[in-house]
Amino acid sequence: MTRNTYLEVRLPLREEPLQLVTRLAGSGLFDPYVVYENGPCWALAGGALTEVRLSGQDAGDLSRVGRRLAQTPVAGWRAYGWAAFELGAVLAGAHPDGSGTLLHLIVPTDEVRADGRDILVRALTPERLDLVVGHVRAGSAGLPRAQAGRITLSLEDRGNYRAAVTAALLELHGQGPLEKVILSRRVLVPTAVDMVASYVEGRRANTPARSFLLDLGGIQAAGFSPETVAEVTADGQVTTRPLAGTRARTGTAADDARLRAELLNDPKEIHEHAISVKLALEELGAVCDDTRVSEYMTVLDRGTVQHLASTVTGRLRQGHGPWDAFAALFPAVTATGIPKAPAYPVIRALEGRPRGLYAGAVLTCDADGSFDAALVLRSVFRLEDQCWLQAGAGVVRQSRPEREHEETCEKLRSVAHHLVPTQHPANSEADAPSR
């Protein structure tokens, strides 16, 4: 196939990457768009040269994604997009529950990447390249001042979360194979949210493994992912970084140290983490050789919480590619259950609705085989006229409903304290129902 090439311009980086990508995202110049932060590298993808959507039974075969992306008529492409949590059940052989999109990717017409030193601007036409370069060069002069207002939410359980945990404990103590299930709850936001401003404020306050801001396929989201589902290098090295086991971060050094010691010595948290790492190893073993665990059960700070963390690696076997690694690992064990297959119906029954993007992934995939997928947690979502937060906790046989509810509150605060309204209401105090 004859391929075109992106037209490219390199520019010096003269503003903070966070400010650059959010300024461009809010400019109205890009539709759809995805912002993705991966370590020191930030990217904004806009427009759709190639678009891949999977739904229904078709989503059970991710090899078709690789084949479709390989037909992209431009060299050096990178795809950006998301996978819904329910994709996992279809990959496991379950019948699709509904006809909604389970995977949505774009190869952009325009792209801006900042790596801490300079900026790469890519576009398909000279006119579009000049337009994007002009916006990059404009800098932050004349930007409106940051909004000072915040939306205040009640994070109390006004639904049945504790009751759902109790029901899950009955399943766990039954005769079935289930060892762990992650149950989540939603907190509705009754005030219109400025997604771009909330992403800026939330990113400044959080310490994520990855972060993202997107408007793609009818859903908007801003998130501060604590962990990656799959990282694949061009030469086939695969890494997944499960986080399981949680305590709050208070901002007080002595209290945080006490909670860290408590986390490292809590039998329930250690058990939850150990079985999560074991499953991650087994999943990687299906497509990789030389699987191993490193940095076992360290503690990582992630915004308002601290987690037990481990790193699991392997090398793809001959004949396997990045989509095989993703299919083996998705959804993250730390957001699903152990084993995964019996966890899906329990989650759906007790949560009462599809999760959609929550506990799914936002991801990038490059023409050279590089792949990076962030677990979608610590996020704010907007779909049509509804906006919400969502957080969960891992339920094992030693769990207590009160503690699992408390854990969801600890996680929700990573986002809830940084929501910026689109306008300043006369009274920003609002109690949102939670379910």
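Refer to the structure printed above.
Since we're looking at a predicted model, the values are computed, not measured. The residue numbering used here restarts from 1 in each chain and proceeds along that chain's sequence as written. Note on the predicted model: pLDDT of at least 70 is required for a residue's local features to be given, and 80 or more for side-chain atom pairs to be given and counted; whole-chain, interface and lining totals, by contrast, use all residues. No hydrogens and no water enter the side-chain calculation; it runs on all heavy atoms of the structure.

Caption draft 1: Fine view of helix H6 (residues 195-205). The buried fraction of H6 amounts to nine of the eleven residues, a majority that puts the element mostly inside the structure. If you check the start of H6, you find a side-chain oxygen 3.2 Å away from the backbone N of Val196, and it comes from Asp194. For every residue, the accessible area (1.4 Å probe, protein chains only) is compared with the maximum for its type, and the residue is labelled buried under 20%, exposed over 50%, or partly exposed between those bounds. Only DSSP runs of H or I covering at least 4 residues are called helices, and only runs of E covering at least 2 are called strands; the numbering of each starts at the N terminus. Polar contact criterion, stated in full: a pair of N or O atoms within 3.5 Å, where within protein one must be able to donate a hydrogen and the other to accept it, and residues adjacent in sequence count only if both atoms are side-chain atoms.

Caption draft 2: Structural detail: the nonpolar core. Residues belong to a common nonpolar core when they are buried Ala, Val, Leu, Ile, Met, Phe, Trp, Tyr or Cys residues joined through side-chain atoms within 4.5 Å. Ranked by internal contacts, the top residues of the largest apolar core, which has 82 residues, are Val65, Leu69, Val181, Leu214, Trp323, Phe326 and Phe371. With six residues, the top contributor of residues to this core is helix H5 (residues 161-172). Beyond its immediate chain neighbours, meaning those up to four positions away, Leu69 contacts Val52, Trp77, Ala79, Leu105, Val107, Trp323 and Cys365. By definition in these notes, contact holds between two residues if any of their heavy atoms fall within 4.5 Å.

Caption draft 3: Spatial organisation of the sheet that holds strand E8 (residues 118-123). Ordered by their spatial adjacency, eleven strands build an open sheet running E1-E8-E7-E3-E2-E10-E11-E20-E21-E9-E17, and the pairing between neighbours is antiparallel. Both edges of this open sheet fall to strand E1 (7-12) and strand E17 (337-338), since each of them pairs with a single strand only. Note on pairing: two strands pair once DSSP finds at least 2 bridges between them. The sheet contact formed by strand E9 (residues 180-188) and E17 spans two bridges and is antiparallel. For Val181, the partnering residue across the bridge sits in E17 and is Gly337. The convention used is that axes are lines fitted to C-alpha atoms, helices contributing only their stretch in contact, and that angles between N-to-C directions extend from 0 to 180 degrees. Along the sheet, helix H1 (residues 17-25) makes contact with strand E2 (33-38), strand E3 (41-46), strand E7 (110-114), E8 and strand E10 (210-216), crossing E3 at roughly 5 degrees.

Caption draft 4: The arrangement of the pattern of salt bridges in detail. The salt bridge definition used is simple: a Lys or Arg side-chain nitrogen within 4 Å of an Asp or Glu carboxyl oxygen. Tallying each qualifying case throughout the model produces 33 salt bridges. A salt bridge links Arg150 to Glu201; the nearest nitrogen and oxygen atoms lie 2.8 Å apart. Placement of the pair is Arg150 in the loop between helix H4 (126-138) and H5 and Glu201 in helix H6, with a sequence separation of 51 residues. Glu272 is paired through a salt bridge with Lys268; the nearest N and O atoms lie 2.9 Å apart. With Glu272 and Lys268 both in helix H8 (residues 267-285) and four residues apart, the pair spans about one turn of that helix. An identical accessibility class is assigned to Glu272 and Lys268; each is buried. Each of the salt bridges in this network shares a partner with another, and the network as a whole consists of Lys180, Arg247, Glu262, Asp266, Lys268, Glu269, Glu272 and Glu404.

Caption draft 5: Highlighting the packing of H1 against H4. Remark: H1 packs on H4, axes separated minimally by 10 Å, with the N-to-C direction vectors making an angle of 130 degrees. When the axes of H1 and H4 are compared, the pair comes out oblique. Considering only the axes of H1 and H4, their crossing is right-handed. In this structure, H1 uses Leu20, Arg23 and Leu24 to contact H4, whose residues at the interface are His135, Val136 and Ala138. Side-chain classes follow a simple rule in which Ala, Val, Leu, Ile, Met, Phe, Trp, Tyr, Cys and Pro form the nonpolar group, Asp, Glu, Lys and Arg form the charged group, and the remainder, Gly included, forms the polar group. The class makeup of the residues in the contact of H1 with H4 is four nonpolar, one polar and one charged. Note on angle classes: values under 35 degrees are labelled roughly parallel, values over 145 roughly antiparallel, values of 65 to 115 roughly perpendicular, and the remainder oblique. For any helix crossing, the convention is left-handed if the near helix is rotated counterclockwise from the far helix by under a right angle, and right-handed if that rotation is clockwise.

Caption draft 6: Molecular detail of the pairing of strand E14 (residues 243-248). Within E14, six of the six residues are buried, leaving the element largely enclosed by the surrounding structure. As paired elements, E14 and strand E16 (residues 305-316) share four bridges and run antiparallel to each other. The residue of E16 that forms the bridge with Thr246 is His307.

Caption draft 7: Layout of the environment of Gly28. With respect to the helices and strands, the residue Gly28 is situated in the loop between H1 and E2. Sequence separation of Gly28 and Arg317 is 289 residues, and the distance between their C-alpha atoms is 44 Å.

Caption draft 8: Local environment of the packing of aromatic side chains. Here a pair means two rings of Phe, Tyr or Trp (six-membered ring of Trp) with centres within 6.5 Å. Their orientation is stacked below 30 degrees between planes, edge-to-face above 60, and tilted elsewhere. Taken as a whole and assessed by the stated rule, the structure comprises eight aromatic pairs. Look at Phe85 and Tyr344: their rings are 5.9 Å apart centre to centre, the planes differ by 65 degrees, and that puts the pair in the edge-to-face class. Taken together, the residues span a long stretch of sequence, with Phe85 in the loop between strand E5 (78-83) and helix H3 (87-91) and Tyr344 in helix H10 (residues 340-351) at a distance of 259 residues. Three or more aromatic residues link up through ring pairs in this structure, and these residues are Trp323, Phe326, Phe330 and Phe371.

Caption draft 9: Structural context of unusual backbone geometry. Put simply, Asp31 and Pro32 share a cis peptide bond, and its omega is -5 degrees. Relative to the helices and strands, Pro32 is located in the loop between H1 and E2. Across the junction of Phe330 and Pro331, the peptide omega takes the value -15 degrees, indicating a cis bond. Looking at the element boundaries, Pro331 is found in the loop between helix H9 (322-329) and E17. The phi torsion at Asp290 lies on the positive side, around 55 degrees, for a residue other than glycine.

Caption draft 10: Spotlight on the environment of Thr313. As for its position among the elements, Thr313 is in strand E16. For Thr313, a relative accessible area of 13% corresponds to the buried category. Residues Thr313 and Thr246 lie 67 residues apart in sequence; the distance between their C-alpha atoms is 23 Å.

Caption draft 11: Molecular detail of the packing of H5 against helix H11 (residues 401-416). The geometry of H5 relative to H11 is characterised by a closest axis approach of 9 Å and an angle of 125 degrees between their N-to-C directions. In terms of orientation, H5 and H11 fall into the oblique class. In the crossing of H5 with H11, the sense of the turn from one axis to the other is right-handed. Contacts from Tyr161, Arg162, Val165, Thr166 and Leu169 in H5 reach Pro401, Glu402, Glu404, His405 and Thr408 in H11. Class assignment for the residues of the contact of H5 with H11 results in four nonpolar, three polar and three charged.

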